[in-house]
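Summary of structural features
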Amino acid sequence: MRSGYDPAPTRIYLIASMTDTQATIAAPARQAADGQTPGKPHIEVRSLTMAYDSVVVMRNVHFTVNRGDIFFIVGPSGSGKSTLMRHMIGLNEPVEGEVLYDGVSFTRADADTRDAMLRNFGVSYQGGALFSSMTLAENIAMPLAEYTDLNHAERMEIAALKLSWVGLKGFEDYYPSEISGGMQKRAALARALALDPDVLFFDEPSSGLDPVSSSLLDDLILQLRDNLGATIVIVSHELPSIFRIGTNSVYLDVETRTQAAVGNPRYLLEHCDNPRVHSFLTRRAQFERSARNHG
Ligand SMILES: Nc1ncnc2c1ncn2[C@@H]1O[C@H](COP(=O)(O)OP(=O)(O)OP(=O)(O)O)[C@@H](O)[C@H]1O
Ligand SMILES: [Mg+2]
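Below, the structure is looked at part by part. Residue numbers restart at each chain and count upward from 1, following the sequence in its written direction. The lettering of chains begins at A and the numbering of ligands begins at 1, in the order of writing. At least 70 in pLDDT is required for a residue's local features to be given in this predicted model, at least 80 for side-chain atom pairs to be given and counted, and no such filter applies to totals for whole chains, interfaces and linings, which use all residues.

With that settled, the discussion passes to the overall build of the protein. When you go through the protein residue by residue, the secondary structure sums to 10 helices and 11 strands. Every one of the 295 residues in the protein was classed for burial, and the buried ones make up 48%. Two residues qualify as a contact pair if the distance between their C-beta atoms, derived from the backbone, is within 7 Å. Across the protein, the fraction of contacts at a sequence separation of at least 24, relative to all contacts at a separation of at least 6, is 73%. Numbering goes from the N terminus for both helices and strands, where a helix is a DSSP run of H or I of at least four residues and a strand is a run of E of at least two. To sort residues by burial, count the other C-beta atoms lying within 10 Å of each one's C-beta; a count of 20 or more means buried, 12 or fewer means exposed, and anything in between means partly exposed. C-beta atoms are built from the backbone.

Quick look at the structure:
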């Protein structure tokens with residue numbers, strides 16, 4: 001295990017025919033019309049079956065993430081969202097299937113190739129997990145110490161730069177316990193950015209944040225995507241974020257243990273007739289109708 005920092009990969013690209021009759025794939029042309037990022041496949045997840053020992057969590061998960069996408073992994077608690085992310089970054093190995101980045105199999109790569117690919121991944125885990133005994137700058141400098149030859153002063157300079165990107169300029173010497181929950185989320189994001197990744201993975205980046213902080217975090221994610229040209233994979237339950245910044249998504253269905261839909265969330269809201277996907281996505285529509293009626 002690396003010293004507490006686990007870079008992760010990203011890129012999902014995959015269209016294989018689905019065997020589950022309940023699965024729904026939004027028509028690509030309509031996805032594009034509905035704002036899905038046109039572009040080159042960056043990540044392909046191919047026919048992935050994931051298990052812990054003999055317990056299968058999800059079967060035959062397959063989708064593509066294009067370069068520049070903000071791709072959401074959604075589904076009920078326990079459906080396997082974090083597990084999928086862990087497979088995409090190599091922390092878990094699939095029972096079947098593979099994950100490719102820019103057409104190269106990450107799953108089947110030898111150790112050196114995998115290490116080189118990992119270098120392009122930035123990861124923020126569910127729960128944040130900044131090291132409480134380290135300052136924010138030290139937290140961010142840690143992956144730099146592990147993966148680069150930069151000296152201490154250079155590492156600290158980059159840490160300060162990354163903190164400034166997430167609005168934490170001047171907080172370099174603070175400890176995680178000395179800043180708010182929202183600031184901790186942003187600091188975790190700065191750490192994921194330490195190595196200038198071209199794929200960013202965030203597991204529940206806005207859980208526990210108030211709606212305004214959550215919306216500001218969405219703005220930040222959009223800026224990072226636009227300014228860095230990164231592809232972003234987010235595990236989230238936050239419907240406002242999913243509809244606002246998501247360009248594509250996969251819904252993991254806990255009942256059938258496979259994916260039930262792939263597509264732009266706004267497109268799926270209108271066109272997906274899987275009842276569980278519909279029910280998940282319309283929680284927001286119901287909320288907005290109710291807010292209008294009472295506003
Ligand atoms: N290390 C583990 N060993 C065994 N089973 C696990 C392990 N981690 C997760 N699981 C099981 O795998 C399933 C999927 O878990 P996972 O954490 O991926 O779900 P999730 O969709 O991320 O849920 P949440 O929204 O609550 O974070 C659950 O049934 C969980 O109990
Ligand atoms: Mg999870």
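On we go from here.
Another aspect to go through is the site of ligand 1. In the region of ligand 1, the neighbouring residues are Tyr52, Val57, Gly75, Ser77, Gly78, Ser79, Gly80, Lys81, Ser82, Thr83 and Gln126. In terms of residues, the shell around ligand 1 owes the most to one element, helix 2 (residues 81-88), which gives three residues. Residue classes in the shell around ligand 1 are distributed as two nonpolar, eight polar and one charged. For each residue, a C-beta atom is placed from the backbone, and the residue counts as near a molecule or strand when that atom lies within 6 Å of it. Under this grouping Gly is polar, as are all residues other than the nonpolar Ala, Val, Leu, Ile, Met, Phe, Trp, Tyr, Cys and Pro and the charged Asp, Glu, Lys and Arg.

When DSSP finds two or more bridges between a pair of strands, those strands are recorded as paired. With five bridges joining them, strand 2 (residues 41-52) and strand 5 (residues 96-101) adopt antiparallel strand pairing. Bridging from a neighbouring strand, Val45 pairs with Val99 of strand 5. Where strand 5 meets strand 6 (residues 104-105), two bridges bridge the pair, whose relative direction is antiparallel. Paired with Leu100 across the two strands is Ser105, which belongs to strand 6.

What follows concerns the environment of Gly167. Looking at the secondary structure, you find Gly167 in the loop between helix 5 (152-165) and helix 6 (181-192). The partly exposed category is assigned to Gly167, around which 14 C-beta atoms lie within 10 Å.

This part is about helix 5. Quick reminder: α-helices carry 3.6 residues per turn. Residues three or four places apart thus point the same way. Between its first and last C-alpha, helix 5 extends 20 Å over 14 residues, near the 20 Å set by a 1.5 Å rise per residue. Within helix 5, the full set of buried residues consists of Arg155, Ile158, Ala159, Lys162 and Leu163. Around the axis of helix 5, the buried residues are gathered within 140° of arc, so they sit on the same side. Residues of helix 5 that are buried make contact with helix 4 (136-147) and helix 6. Positive backbone phi, at 80°, marks Gly167, one or two positions downstream of helix 5. Helix span is expected to be 1.5 Å times the residue number reduced by one. Working note: the arc is built from the helix axis to C-beta atom directions.

Turning our eyes to something else, we now look at the packing of helix 4 against helix 6. Two measures define how a pair of helices packs: the angle their axes make with one another and the distance between the axes. Simply put, an axis is a line fit to the C-alpha atoms, just over the touching stretch for a helix, and the angle between two N-to-C directions goes from 0 to 180 degrees. Their axes nearest at 8 Å, the elements helix 4 and helix 6 cross at an angle of 30°. Compared by their axis directions, helix 4 and helix 6 come out roughly parallel. Crossing handedness for the pair helix 4 and helix 6: right-handed. Counting all contacts with helix 4, which are made through Leu136, Asn139, Ile140 and Pro143, the residues of helix 6 involved are Ala187, Ala190 and Arg191. The scheme is simple: roughly parallel for angles under 35 degrees, roughly antiparallel for over 145, roughly perpendicular for 65 to 115, oblique for anything else. By definition, any crossing whose near helix is turned counterclockwise from its far helix by less than a right angle is left-handed, and any crossing with a clockwise turn is right-handed.

A few words now on the packing of helix 4 against helix 5. Helix 5 packs onto helix 4 with a crossing angle of 120° between their chain directions and a minimal axis gap of 8 Å. Looking at the two axes, helix 4 sits oblique to helix 5. Relative to helix 5, the crossing made by helix 4 is right-handed. Contacts from Leu136, Ala137, Ile140, Ala141, Leu144 and Ala145 of helix 4 reach helix 5 at Arg155, Met156, Ile158, Ala159, Ala160, Lys162 and Leu163. Each residue belonging to the contact of helix 4 with helix 5 can be placed in one class, and the counts come to 11 nonpolar, no polar and two charged.

Counting buried residues along strand 4 (residues 70-74), five of its five residues qualify, which places the element largely inside the surrounding structure. The alternating pattern of strand 4 places Ile70, Phe72 and Val74 on one face and Phe71 and Ile73 on the opposite face, and all of these are buried. Where strand 4 meets strand 10 (residues 248-253), four bridges bridge the pair, whose relative direction is parallel. When the sheet's bridge partners are listed, Phe72 is paired in strand 10 with Ser249.

By the element assignment, Leu189 lies in helix 6. Along the chain, Leu189 and Ile140 lie 49 residues apart, while their C-alpha atoms are 9.3 Å from each other. Setting aside anything within four residues of it in sequence, one finds Leu189 in contact with Ser124, Val166 and Pro205.

Looking now at unusual backbone geometry. You will see that Asp53, though not glycine, has its phi angle at about 50°, which is positive. Secondary-structure assignment places Asp53 in the loop between strand 2 and strand 3 (55-66). We note that Glu204 has phi near 50°; this positive angle belongs to a residue other than glycine. You can see Glu204 is positioned in the loop between strand 8 (199-203) and helix 7 (211-228). For Glu204, a count of 20 C-beta atoms within 10 Å gives the class buried.

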